[in-house]
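Residue strings, one per chain:
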Amino acid sequence: MFLERVLCRNFRNFDEIIIDLNKNLNIFLGQNGQGKTNFLEAIYLMATTNSHRSSISSELIKWEEEESLVQLLLKRREGKMKLAMRLDNSGRKIEINDNQLSKVSELLGYLNAVLFSPEDLKLVKEGPAHRREFIDLEISQVSRYYGHLLNKYDHILKQRNNLLKSIRENRNNTSQEMLSVWDQQLATIGSKIILKRLEVIDKLKILARLSQRKITAGREELEIEYEISLNNFSKNLGEAELRNLFLDNLVSKRDQEIKRGYTVIGPHRDDLILKVNEMDLRKYGSQGQQRTAALALKLAELEFMKSETGEYPVLLLDDVFSELDNLRRKALLNVIADKIQTIITATDGENLTGIKNNSYNIYQVEKGKIKRVS
Ligand SMILES: Nc1ncnc2c1ncn2[C@@H]1O[C@H](COP(=O)(O)OP(=O)(O)OP(=O)(O)O)[C@@H](O)[C@H]1O
């Protein structure tokens, strides 16, 4: 798939920009703070329904304006489509081919995009929330049903945590009965989420291992494991068995959960363990090894989405070329070749000299204005 045109109106520091993109490679050059990341953010927002930098709609709207619009013309195998998001202080509205959708989450699955930015090092070296977000976003982009499960799980978890707090404050039996009702729901949805994650990680780990080998010329073996918070878990459990195990775990943690006032087990507490040559990357990996693994995961993500949807997603590279050494840069360029629409931002073209795509556009970004220069 590829983007033909991107329109942003009153989005971040843009008044109105209308950009026609090359179906292969697009390079956006500009000094710091001119609007390069803002442009990628608008596209990423349309792929995931969320900005990677802010969860607050009003921050995306241009200062002193009331509403903003991001509109994309997208070419997929099945044809062209127009996607639009309107943001104002009351929230976000989505239109597909000029028809308004009832829920923002229905936008998921139309535009698939993979974003790689310097922030992605966090994926390897920081807390589990980043790795859960990585896997959840990836699955949500190819499965709207999974996005729906996550929303439901979040809702149940909040209600259950509120109840745990209220039991802690004033123990009574009716609340304990209510807790069993929430347990059933948490276990039902939670086990579906865990099973889907396990299925995707099984595919992803093969793809990531291959990428890591390519980037390191076979010197590093990357392993990904799912670290589950449930006790007595064994692989190959069916959905009903996993649900029962989840419920048993909730019963055995009940006193602890009431004492703490929140749910201590479930997919919201799980993690991904990344190892290189059997060493835990998060704890012991060098910055270079962590960066390579983050890149390998992103390349695996591209291939995973291709295998799920039949089309490569759009690749967004935010200022990453200056951070990569020659080997990693080459590996990245080999993957992109001419088959993936790529949008790159950089402060100057110096690190981009290795790019030999047949066709590319170059744009200059300055003070919220974007102009094509070649
Ligand atoms: N809601 C907003 N309204 C108007 N301007 C905004 C808004 N949000 C951010 N900006 C401006 O956008 C600019 C940041 O743009 P952006 O993050 O795209 O920078 P960049 O070109 O990617 O630079 P860098 O290379 O430093 O990342 C800043 O000047 C900031 O003041």
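Residues numbered from 1 in each chain as written. Predicted model: local features only at pLDDT ≥ 70, side-chain atom pairs only at ≥ 80, totals over all residues. Heavy atoms only, no water.

The test is simple: UniProt positions are given in the numbering used here, feature names are shortened, and annotations may be inferred rather than shown by experiment.
If you check an unreviewed UniProt entry, the protein chain appears there as DNA replication and repair protein RecF from Halanaerobium salsuginis. The Subcellular location (unreviewed entry) comment attached to the protein chain in UniProt states, word for word, "Cytoplasm". What the UniProt record of the protein chain gives under Sequence similarities (unreviewed entry) is the line "Belongs to the RecF family."

**Observations concerning the side chain of serine 191**
Our working definition: Helix numbers and strand numbers start at the N terminus; a helix is a DSSP run of H or I with at least 4 residues, a strand a run of E with at least 2. By the convention used here, residues are in contact when the closest approach between their heavy atoms is within 4.5 Å.
Note on placement: serine 191 falls in helix α6 (residues 173–215). Setting aside its immediate chain neighbours within four residues, serine 191 contacts Leu186, Glu239, Leu242, Arg243 and Phe246.

**Details of the environment of leucine 297**
The line we're drawing: Buried, partly exposed and exposed residues are distinguished by accessible area as a fraction of the type maximum, computed with a 1.4 Å probe on protein chains only: under 20%, between the cut-offs, and over 50%, respectively.
Structurally, leucine 297 can be placed in helix α10 (residues 287–309). Residue leucine 297 is classed as buried on the basis of its relative accessible area of 2%. Taking C-alpha positions, leucine 297 is 15 Å from aspartate 280, a pair spaced 17 residues apart along the chain. Sequence-distant contacts of leucine 297, defined by excluding residues within four places in its chain, comprise Leu123, Phe134, Leu204, Ala208, Ile224 and Leu274.

**Looking at the domain arrangement of the protein chain**
Selection rule: Segmentation into domains, and thus their bounds, comes from an automatic or database assignment. A 1.4 Å probe defines the accessible area here, and the buried area is the portion of it lost by two parts on being joined, summed over both.
The assigned domain composition of the protein chain is domain 1 (1–112 + 312–374) and domain 2 (120–310). When each unit is reduced to the centre of its C-alpha atoms, the spacing between domain 1 and domain 2 is 28 Å. Listed per partner, the contact involves 22 residues of domain 1 and 20 residues of domain 2. Between domain 1 and domain 2, the buried area comes to about 2000 Å², and carbon and sulfur atoms account for 61% of it.

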